[in-house]
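Summary of structural features
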Amino acid sequence: MDKIDLKKDLKHLYQPSARDVVQVDVPAFRYLMIDGAGDPNTSPHYARAVEALFSVSYTAKFMARKGPAAIDYAVMPLEGLWWSDDMASFVADDRTKWQWTMMIHQPAFVDESLLRDAMAEVKRKKGLEAIDMLRIERFTEGPCAQTLHVGPFTEEGPTIQRVHDFIEARGSLAGKHHEIYLSDIRRADPARWKTIIRQPMA
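Keep in mind the model is a prediction, meaning the values are calculated, not measured.

Ranked by internal contacts, the top residues of the largest apolar core, which has 48 residues, are Leu53, Val56, Leu78, Met102, Ile131 and Leu134. Examining the composition of this core, we find that eight residues originate from one element, helix H3 (residues 44-66), more than from any other. The residues contacting Ile131, other than those within four sequence positions of it, are Ala52, Val56, Met119, Val122 and Lys123. The next biggest cluster of nonpolar side chains, apart from the first, holds eight residues, and it includes Ile160, Phe166, Ile167 and Met201.

To continue, consider the sheet that holds strand S5 (residues 78-83). Read from one edge to the other, the open sheet built from eight strands follows the order S2-S8-S10-S9-S5-S6-S3-S7, with strand pairing classed as antiparallel. The open sheet is flanked by strand S2 (22-26) and strand S7 (135-139), the only strands paired with a single partner. Across this sheet, the average inter-strand angle for adjacent strands is 35°, counted without regard to direction. In this sheet, strand S9 (residues 177-181) lies alongside S5 in antiparallel orientation, the contact comprising five bridges.

Most of S5 is tucked away, with six of its six residues classed as buried. Residues Leu78, Gly80 and Trp82 point to one face of S5 and Glu79, Leu81 and Trp83 to the other, with burial holding for every one of them.

Turning our eyes to something else, we now look at the environment of Gln15. Topologically, Gln15 is positioned in the loop between helix H2 (11-14) and S2. On the accessibility criterion, Gln15 (37% relative accessible area) is partly exposed. As for Gln15 and Asp2, which are separated by 13 residues in sequence, their C-alpha atoms are 21 Å apart. Ignoring anything within four residues of it in the chain, the contact list for Gln15 reads Lys7 and Lys8. Side-chain polar atoms of Gln15 contact the backbone oxygen of Lys7, separated by 3.2 Å.

Parameters and conventions
- Position labels on residues start from 1 in each chain and follow its written sequence.
- Only residues with pLDDT of at least 70 are given local features in this predicted model, and only at 80 or more are side-chain atom pairs given and counted; all residues enter the totals for whole chains, interfaces and linings.
- Only hydrogens and water are removed before side-chain values are computed, so all heavy atoms of the structure are retained for them.
- The definition of a nonpolar core used throughout is a set of buried Ala, Val, Leu, Ile, Met, Phe, Trp, Tyr and Cys residues joined through side-chain atoms within 4.5 Å.
- Think of it in three bands: residues with accessible area under 20% of the maximum for their type are buried, residues over 50% are exposed, and the middle band is partly exposed, with areas taken using a 1.4 Å probe on protein chains only.
- Helix and strand labels come from DSSP, where a helix needs a run of H or I of at least four residues and a strand needs a run of E of at least two; each type is numbered from the N terminus.
- Should any heavy atoms of two residues lie within 4.5 Å, those residues are considered in contact.
- A strand pair is defined by DSSP finding two or more bridges across the two strands.
- The axes used here are C-alpha line fits, helices contributing only the stretch in contact, and every angle between their N-to-C directions lies in the interval 0 to 180 degrees.
- Each polar contact in these results corresponds to two N or O atoms within 3.5 Å; when the atoms are within protein, one needs to be able to donate a hydrogen and the other to accept it, and residues that are neighboring in sequence are counted only if both atoms are side-chain atoms.

So, in structure tokens, the structure goes:
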């Protein structure tokens, strides 16, 4: 059984270089999503949200593998949309006022019915309350600028500024700040964490 890896199939979206900021067009994809607010480093809801996302995503993967189509695939990385009603607090890194949507891209061949079955199975087995807050949504970003940041999240500032400078030289910022987490931060050295920084543009 061959394993499908969307990060490789969508290399231009999920494997950018750290050297350059590039423009990409992001089409509609299906995601599992969950919303929240507050500092992700201290918010219990954030931890529960991430646990629910990965639990359902891996359960859906195993269901697809055991199902009639017998499709195996790699679960996609965690992604986050970040913003604040007061953007000054976002720029000032006041994380207590941040709002977020955490999400995981689901392959097109994993239909909504299978995802809902996976949600029910995880709730039955683990009793995760955050399961009830998950939603399935198609999300389109369209034109974006992105690059790869290597290092801890606290050092993203200059990388984000490079992306914003790239956009402002060509148009204007649009949408929400988007990060895609390629590293397992529980195991990897923070100096080697890889995070895609993406920003929609108009």
